[in-house]
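Structural overview for review
Chain by chain, the residues:
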Amino acid sequence: MKKFIIACTAVIIAVTCWMFVSDRIGSTLSFNMNKEVKTFTTVSDKEILVDTGNGMEPFEIRGVDMGVGIPGHFATDYAIDKETYLRWFRMIKDMGANCVRVYTLLQDDFYDAVWEFNHDNPDPLYIIHGVWIDDYVLYSHRDAYSKDFLNEFLRDSRILVDMIHGNKRFSLGEDLGSRSYTKDISPWVLGYILGVEWEDTTVAFTDHMQEERDSYEGKYMRTTEEATPFETMLAQVGDKIIEYETEKYSSQRLIAFSNWPTTDPLEWNQTVEWYFRKFEQVDVEHIKTTDEFLSGQFASYHIYPYFPDYLGFMDVLGMKIESREEFTDEDGTFNSYRAYLTAINAHHTMPVIISEYGVPSSRGRAQSDRNTGRSQGGMSEEEQGKALVQCYKDIMASGCAGSVAFTWQDEWFKRTWNTMAYTDLTKTCYWSDYQTNEQYFGILSFDPGEVESVCYVDGDVSEWEETDIVMETDTMSLSCKYDEKYVYFRVHKDDFHFGNETLYVPIDTTPKSGSTACDGIAPLFEQEADFVLIISGREDTKILVQERYEALRAMYSQRVYGEDAYLNVPEKDTGKFVPIHLMLQVANNPSFEITPEGFESAETFDTGTLTYGNGNPDSADFNSLSDFIVNGDEIEIRLPWSLLNFYNPSEMVIHDDYYENYGIEGIEISEMYAGVGTDANVQFPIKMGTVELKGWGTNPTWHERLKQGYYDLQELWKDKD
C-alpha cells in the first residue's frame with residue numbers, strides 16, 4: 001500500500017511538473033496522433049475560401065475591428081460584459097459584416113458571447129483573433145529574440161489556442177481573478193493575425209543584433225533565403241502556433257502577421273528614407289508554408305488614406321505607377337490610397353486583407369490627407385461615413401481579399417501624440433476629449449448623459465434653466481452648463497443682428513495668468529481672461545487664447561515659431577491673444593515653408609475657428625462638428641474641454657503655468673468666470689460672472705449612438721449580398 005501511495009504521488013508530481021514546463025516551452029502530449037487534421041478555411045491563389053456549410057467557397061472578409069474600451073474604463077479593465085457583446089454582435093451582423101477582429105486575449109465574457117451568438121445560428125459572426133505584443137517590450141532596448149518578447153509571444157499564442165477551444169483557466173491580470181474559458185468557439189474563428197504594427201527601430205535592431213538567425217525550417221512554416229532575422233522570428237511563431245493547435249486539437253486555421261506602411265515591403269527611393277525615416281521592411285513573402293499546413297496564409301495590413309505622409313507623393317518618390325490616370329478620379333484627384341493598395345496587393349502571391357482602415361470623426365486632427373481629403377480627424381460623422389465607403393471601394397478595387405473597418409466603438413481612454421501632453425493620461429477614460437482623434441474612429445459613439453446629453457447646440461434653448469445664468473445685463477445674458485465632453489454657453493442678446501455685429505465672451509480659468517485687455521481686438525474685461533470667444537459670423541467666429549497660456553507654444557514653439565518658448569517667456573498679463581492650433585504630423589521635407597528667419601515651419605491645424613451648424617443628432621441637418629448656432633436673439637455654443645486647456649475635467653484640473661513648471665502640469669480649480677459684451681463696452685469693462693465647477697470623478701454618464709458610417713456601410717454591404 002505504501003509503495004502504491006508513493007507511486008501515485010510520483011505520478012502526480014511528474015504530471016504537474018510536465019504541465020508547468022509544457023505550458024512554457026509549448027510542448028504537448030497529443031492523444032490525436034492518428035486523428036485527421038481538420039480546417040474550414042484555406043486559400044487558393046489570392047482568394048480566401050471558407051466552408052460555411054456547402055464546402056470550400058470564396059469568402060470576402062468583411063469585418064469590423066473591436067476594441068475593449070467603454071467610458072469610465074481603460075482597456076485593461078476588461079469591462080465589457082457578455083450582454084453588451086451579444087447586443088453589439090447583433091448590430092454588427094445587421095450592418096452587413098461577417099466577422100469581428102479582436103486584438104488580444106480577452107475576458108471569458110467575449111468567448112461566451114461568441115458561442116451563444118453563433119452555436120445555433122445559421123448565419124454566424126466569424127472571428128479573426130490577434131496576439132498582442134506589449135508596448136513596453138516593443139518600444140524598448142529589446143530585440144525580437146529577447147525572452148520577454150519571443151517567449152511571451154509564443155506563450156500568448158498557445159494560450160489563445162486553448163482559449164478558443166474552450167480549454168483554459170487563465171487570469172488576464174492583477175485583481176481580475178482567474179477566468180474559465182469553457183466555450184469552444186473554434187468553429188467560427190477564421191484565423192489569427194499575429195503581432196502588432198511593428199516599430200521600425202525594433203525590426204532594425206533585431207536584424208542588426210541577430211544577423212545569424214536568418215533561416216527557419218519548421219514542419220508548417222519555413223523561410224526563404226531572403227528572410228531577415230525579424231521575419232525568421234515571425235516564421236517560428238507562426239509554425240509553433242500551427243504545431244500546437246494541430247497536435248493538441250487536430251485543427252488548423254488561417255495565419256497572418258500584422259504589418260503596416262512603416263514596415264511595408266515595397267521599394268521606395270532614398271528621398272522617402274531620408275525625409276520620412278522609411279528604413280525597414282517586413283516581407284511575409286519570405287515566409288512560406290509547407291504541405292502540412294492545410295489552411296493557408298494571408299498578408300495583413302493596417303492602411304489608412306492619410307498615413308504615411310509620403311503616400312501623397314508616391315508617384316514622384318520612386319513608386320512605380322504604370323498609369324497615373326488609372327488612379328485619378330473624375331474630378332482630377334489622384335487617389336494615392338488606391339494606388340498604394342494596388343501596389344501592396346501586386347507585391348504578394350497570397351491573399352491580402354486590409355485589417356484596419358478608416359478615419360476618425362473627431363474635432364481635432366493629427367494628419368491631413370493631401371490628396372483624397374480623408375484625414376486623421378477634423379472630419380464630421382457624415383464625412384467619416386463617406387470615407388469608410390470610399391476606402392472600402394478602393395480596397396476591393398485594388399484586388400484585396402477582404403477588409404476590416406477600424407473600429408466598432410469610440411474609445412475614450414485613447415491618446416494621440418499631438419494632444420497627449422495636454423491631458424492627464426491616467427484619467428482619460430473618464431471624459432470624452434473631442435480634440436483627440438484616436439478616441440473617435442468608432443462607428444458607435446458614446447455620448448455624455450445616461451439617455452441624452454445635457455444640451456444640444458441646435459437653436460432650441462428649452463433645456464436651459466434660470467439657474468444656468470452666469471451674468472446678465474438689461475439687454476444680454478450668458479448661461480453655462482457642462483458634461484463629460486463640452487462646456488456649453490448660451491448667449492442671449494436683444495435684437496441681435498448675426499453677421500452685422502460682434503459679441504465677445506471672455507473666459508477666465510487659471511489664477512496664474514490672464515489679461516483684462518485683448519489688444520486691438522476686444523473691449524476690456526472685468527477679470528483677467530485667458531480666452532476670448534469672438535462671435536462674429538458663420539465663417540469667422542473663433543476663440544483666442546492669451547499667448548502666455550498657449551499650449552502649442554509651450555510644447556512646440558521650436559518647430560512652429562522657430563524659437564525656444566522658455567527663453568522668450570510672455571508676460572503673465574500680456575494683452576496678446578493668439579489663434580489656437582494643433583500640431584500636425586508631417587515629415588521634415590522640402591515642402592515646408594522656409595521662413596525669413598531661416599527655419600522650417602511645421603504645419604499646424606486651425607482648431608480655434610468655430611463651425612456653424614446644428615449639433616443635435618436627431619436633426620435632419622445634423623453636423624457633428626458644429627460648435628455654435630444662432631436662432632434669432634439666441635446663440636448656443638459648445639467648446640471641448642481641452643480647447644480651454646483642461647487637463648482633466650473629471651476632477652476640474654487645468655493646465656498650470658507652463659513657464660513656472662517648464663511644461664504642462666495640472667492645477668485644480670473650483671470655478672471659472674465668463675461674461676458677454678459688445679463693441680459698446682468701451683467705457684465699462686465686460687461684466688463677468690462665476691461658473692461653479694464640480695467634477696464627476698470616475699463615474700461618467702454615457703449612452704450609445706450609431707454614427708452615419710454604420711448606415712452607410714450597411715447600405716453598401718447589403719447591396720452586395
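Every chain's residues receive numbers from 1 upward, in the order its sequence appears when written. Local features in a predicted model are, by the rule used here, given only for residues with pLDDT of at least 70; side-chain atom pairs are given and counted only at 80 or more, and totals for whole chains, interfaces and linings are based on all residues. Excluding hydrogens and water, the side-chain figures rest on all heavy atoms present in the structure.

Quick look at the overall build of the protein chain
- Comment: elements are numbered from the N terminus, with helices defined as DSSP H or I runs of at least four residues and strands as E runs of at least two. What the protein chain contains, in helices and strands, is 13 helices and 38 strands.
- Burial statistics for the protein chain: of 721 residues in total, 61% are counted as buried.
- Partitioning the contacts of the protein chain with sequence separation of at least 6, the portion at a separation of at least 24 is 71%.
- Surface summary for the protein chain: the accessible area is close to 29700 Å², and the carbon and sulfur share equals 48%.
- Where the 60 positive side-chain charges of the protein chain centre and where its 124 negative ones centre are 7 Å apart. Accessible area is worked out with a 1.4 Å probe on protein chains only. A residue is then buried under 20% of its type maximum, exposed over 50%, and partly exposed in between. In this analysis, two residues are considered to be in contact whenever any of their non-hydrogen atoms come within 4.5 Å of each other. Only the protein chains shown count as cover for residues, with accessible areas throughout obtained via the Shrake-Rupley method and a probe of 1.4 Å. Counted as positive: Lys and Arg. Counted as negative: Asp and Glu. His and the chain ends are not counted at all. A charge is said to be at NZ when it belongs to Lys, at CZ for Arg, at CG for Asp and at CD for Glu.

Re the packing of aromatic side chains
- Geometry of aromatic contacts follows a simple scheme: Phe, Tyr and Trp rings, the Trp one being its six-membered ring, pair when their centres are within 6.5 Å, and the pair is stacked under 30 degrees between planes, edge-to-face over 60, tilted otherwise. For the coordinates displayed, the defined rule picks out 43 aromatic pairs.
- Between the aromatic rings of Phe40 and Tyr126, the centroid separation amounts to 6.2 Å while the plane-to-plane angle is 25°, which identifies the pairing as stacked. Note that Phe40 is positioned in the loop between α1 (2-25) and β1 (41-44) and Tyr126 in strand β6 (residues 126-131), a separation of 86 residues in sequence. The same class applies to Phe40 and to Tyr126, which are both buried.
- Here the aromatic cluster, defined as three or more aromatic residues joined through ring pairs, consists of Tyr85, Trp88, Phe89, Phe110, Tyr111, Phe117, Tyr181, Trp408, Phe446, Trp702, Tyr710 and Tyr711.
- Of note, Lys183 hangs over the ring of Trp115, and the distance from its end group to the ring centre comes to 5.4 Å.
- Directly above the aromatic system of Tyr434 lies the positively charged group of Lys485, at a separation of 4.1 Å from the ring centroid. Charge over a ring is defined by NZ of Lys or CZ of Arg lying within 6 Å of the ring centre and within 35 degrees of the ring normal.

So, the sheet that holds strand β31 (residues 634-640)
- Here, a strand pair is defined by DSSP locating no fewer than two bridges between the strands. With respect to topology, 5 strands assemble into an open sheet ordered β19-β20-β21-β31-β30, the strand pairing being antiparallel. Strand pairing shows two members of the sheet lacking a second neighbour, β19 (469-472) and β30 (628-631), which therefore form its edges. Within the sheet, the average angular offset between the axes of one strand and its neighbour, ignoring direction, is 15°.
- Across 4 bridges, the pairing between β30 and β31 is antiparallel. Bridging from a neighbouring strand, Asn631 pairs with Glu634 of β31. For helices, the fitted line uses only the C-alpha atoms of the stretch in contact; every axis is such a line through C-alpha atoms, and the angle between N-to-C directions lies from 0 to 180 degrees.

Topic: the side chain of Thr541
- The topology assignment puts Thr541 in the loop between β23 (531-535) and β24 (542-546).
- Under the relative-accessibility criterion, Thr541 is labelled buried at 0%.
- Within polar-contact distance, the side chain of Thr541 engages the backbone nitrogen of Ser536 at 3.0 Å.
- Sequence-distant contacts of Thr541, that is, excluding residues within four places in its chain, are made with Leu533, Ile534, Ile535, Ser536, Gly608, Thr609, Leu610 and Phe628. Pairs of N or O atoms within 3.5 Å make up the polar contacts considered here, provided that, within protein, one atom can donate a hydrogen while the other can accept it, and that residues adjacent in sequence are counted only when both atoms are side-chain atoms.

Some remarks on the sheet that holds strand β17 (residues 402-405)
- Reading across the sheet, the 8 strands line up as β11-β9-β6-β5-β4-β17-β14-β13 and stay open at both edges, with parallel pairing between neighbours. Both edges of this open sheet fall to β11 (254-257) and β13 (299-302), since each of them pairs with a single strand only. Strand-to-strand twist of the sheet, defined as the mean angle between neighbouring strand axes without regard to direction, takes the value 20°.
- By the bridge criterion, 4 bridges tie β13 to strand β14 (residues 352-357) in an arrangement that is parallel. Note on β14: the bridge partner recorded for Tyr301 is Ile354.

Quick look at the pattern of salt bridges
- Salt bridge criterion: a side-chain nitrogen from Lys or Arg within 4 Å of a carboxyl oxygen from Asp or Glu. Counted according to the given criterion, the structure contains 37 salt bridges.
- Across the pair Glu660 and Lys512 runs a salt bridge whose closest N-O atoms are separated by 3.2 Å. Remark: Lys512 occurs in the loop between β22 (503-508) and β23 and Glu660 occurs in helix α12 (residues 658-661); sequence separation between them is 148 residues.
- Take Glu660: its relative accessible area is 40%, and that puts it in the partly exposed class.
- Each of Lys512, Lys572, Asp656 and Glu660 takes part in a single network of salt bridges with overlapping partners.

Some remarks on the pairing of β24
- Counting buried residues in β24 gives 4 out of 5 residues, a clear majority hidden from the surface.
- Sheet analysis places β23 next to β24, joined by 4 bridges and oriented antiparallel. Looking at β24, one finds that Phe531 is bridged to Val545.
- Here β23 folds back onto β24 in antiparallel fashion, the turn holding 6 residues.
- Pairing geometry for β24 and strand β25 (residues 577-579), over 3 bridges, is antiparallel. If you follow Val545 over to β25, its bridge partner there is Val578.

What about the side chain of Asn418?
- Tracing the chain through its elements places Asn418 in the loop between β17 and β18 (444-448).
- By relative accessible area, which is 1% here, Asn418 ends up buried.
- A distance of 2.9 Å separates a polar side-chain atom of Asn418 from the backbone oxygen of Arg365.
- A distance of 2.8 Å separates a polar side-chain atom of Asn418 from the backbone oxygen of Met583.
- When near neighbours in sequence (up to four residues on either side) are disregarded, Asn418 contacts Arg365, Ala366, Tyr556, Leu582 and Met583.

Concerning the state of the cysteines
- Cysteine sulfur atoms are paired as a disulfide whenever they come within 2.5 Å of each other. A full pass over the atoms with the stated rule returns 0 disulfides.
- Here Cys391 is not disulfide-linked; the sulfur of Cys400 is the nearest cysteine sulfur, at 12 Å.
- Summary of cysteine pairing: Cys518 is not part of a disulfide, and the nearest cysteine sulfur, belonging to Cys480, is at 20 Å.

With respect to helix α2 (residues 82-95)
- Taking 1.5 Å per residue as the helical rise, α2 with its 14 residues ought to reach 20 Å, and the 20 Å between its terminal C-alpha atoms agrees with that figure.
- Considered for burial, the residues of α2 that qualify are Thr84, Tyr85, Leu86, Trp88, Phe89, Met91, Ile92, Lys93 and Met95.
- Close packing links the buried residues of α2 with β4 (61-65), β5 (99-102), α3 (108-118), β18, β38 (702-706) and α13 (708-720).
- Gly96 lies just past α2 and shows a positive phi near 110°. Take the number of residues in a helix, subtract one, and multiply by 1.5 Å to get its expected span.

A few points about the nonpolar core
- Ranked by internal contacts, the top residues of the largest apolar core, which has 192 residues, are Trp198 and Tyr357.
- Here Trp198 is in contact with Ile133, Leu138, Phe149, Phe153, Val203, Phe230, Leu234, Ser258, Asn259, Trp260, Thr263 and Val282, once residues within four sequence places are set aside.
- Within this scheme, the nonpolar core is defined by two criteria: the residues are buried Ala, Val, Leu, Ile, Met, Phe, Trp, Tyr or Cys, and they are joined through side-chain atoms within 4.5 Å. With 12 residues, the next largest nonpolar core counts Phe525, Ala529, Tyr673 and Met688 among its residues.

Re the environment of Asp45
- Following the sequence through the fold, Asp45 ends up in the loop between β1 and β2 (47-51).
- The spatial distance from the C-alpha of Asp45 to the C-alpha of Met350 is 6.0 Å, given a sequence separation of 305 residues.
- For Asp45, the contacting residues outside a window of four places in its chain are Thr349, Met350 and Pro351.

Some thoughts on helix α11 (residues 551-561)
- Listed as buried for α11 are Ala551, Leu552, Arg553, Ala554, Tyr556, Ser557 and Val560.
- Looking one or two residues past α11, Gly562 carries a phi angle of roughly 70°, positive in sign.

Points about the pairing of β14
- Among the 6 residues in β14, 6 count as buried, and that is most of the element.
- Here 3 bridges tie β14 to β17, and the two strands are oriented parallel to one another. Across the sheet, the residue bridging to Ile353 is Gly402, located in β17.

Details of the packing of α2 against α3
- One way to put it is that α2 packs onto α3 with a least axis distance of 9 Å and a crossing angle of 50°. Of the possible angle classes, the one that applies to α2 and α3 is oblique. Regarding α2 and α3, the two cross each other, and that crossing is right-handed. Contacts between α2 and α3 involve Lys82, Tyr85, Leu86, Phe89, Arg90 and Lys93 from the first element and Asp109, Phe110, Asp112, Ala113, Val114, Glu116 and Phe117 from the second.
- Partitioning the contact of α2 with α3 into residue classes produces 7 nonpolar, no polar and 6 charged. For this classification, under 35 degrees means roughly parallel, over 145 means roughly antiparallel, 65 to 115 means roughly perpendicular, and everything else is oblique. With the far helix as reference, a near helix turned anticlockwise by less than a right angle produces a left-handed crossing, and one turned clockwise produces a right-handed crossing. Gly is placed with the polar residues, together with every amino acid not listed as nonpolar (Ala, Val, Leu, Ile, Met, Phe, Trp, Tyr, Cys and Pro) or charged (Asp, Glu, Lys and Arg).

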